[in-house]
Amino acid sequence: MNDDRGEGVAIANLIGTDGCSVVGWVYRWSTGSHAVMWDVQGPQPVSETRPDISDEQKQEIDFDALTRIRKSDSG
């Protein structure tokens, strides 16, 4: 991580509802904030993070909402 450039580092994988696919990542930025980055498929329903992250981190990325994402019927 390069603090001078405001870069982040992936701290956890977002696991899809199949229990094995990585559909995105949780990043911790040099500012201390956390954010989600999706794979090329875009937002998908999430079942868990690996490794598990703290309850505070889950709240910051709104993990509950990530579990309720619906796949688009258009694609």
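Above this text is the structure in question.
Remember, predicted model here, so these are calculated numbers, not experimental data.

## Brief notes about the pairing of strand S3 (residues 34–38)
Two elements, strand S2 (residues 22–29) and S3, share five bridges in a ladder whose sense is antiparallel. What sits directly across from Trp 25, in S3, is Met 37. Counted between consecutive antiparallel strands, the loop separating S2 from S3 contains four residues, among which Gly 32 sits at a positive phi close to 95°.

## A few points about the nonpolar core
By size, the foremost hydrophobic cluster in this structure holds nine residues: Ala 12, Leu 14, Val 23, Val 26, Val 46, Ile 53, Ile 61, Phe 63 and Leu 66. At the level of elements, strand S1 (8–16), S2 and helix H2 (63–67) are the ones that each hand at least two residues to this core. For Leu 66, the residues in contact, after removing those within four places along its chain, are Leu 14, Val 36, Trp 38, Gln 44, Pro 45, Val 46 and Ile 61.

## Quick word on the environment of His 34
Mapped onto the fold, His 34 is located in strand S3. Under the relative-accessibility criterion, His 34 is labelled buried at 13%. Along the backbone, His 34 and Lys 58 are 24 residues apart, and their C-alpha atoms lie at a distance of 9.1 Å. Residues within four places of His 34 in sequence aside, it is in contact with Ile 11, Tyr 27, Arg 28, Trp 29, Gln 57, Glu 60 and Ile 61. Within the structure, the side chain of His 34 is placed 3.2 Å from the side chain of Gln 57, a separation counted as a polar contact.

## Here we look at the pattern of salt bridges
Here the idea is simple: oppositely charged side chains can pair when their charged atoms come close. A complete count under the given rule lists two salt bridges for this structure. With a closest N to O distance of 3.1 Å, Arg 50 and Glu 48 form a salt bridge. Between Lys 58 and Asp 52 there is a salt bridge whose closest N-O contact spans 2.8 Å. Asp 52 sits in the exposed class, given a relative accessible area of 58%.

Conventions we followed
Residues numbered from 1 in each chain as written. Predicted model: local features only at pLDDT ≥ 70, side-chain atom pairs only at ≥ 80, totals over all residues. Heavy atoms only, no water. Pairing = 2+ DSSP bridges. Helix = DSSP H or I, 4+ residues; strand = E, 2+ residues; numbered from the N terminus. Core = buried A, V, L, I, M, F, W, Y, C linked by side-chain atoms within 4.5 Å. Buried < 20%, exposed > 50% of the residue type's maximum accessible area, 1.4 Å probe, protein only. Contact = heavy atoms within 4.5 Å. Polar contact = N/O pair within 3.5 Å; in protein donor to acceptor, adjacent residues only side chain to side chain. Salt bridge = Lys/Arg side-chain N within 4 Å of Asp/Glu carboxyl O.

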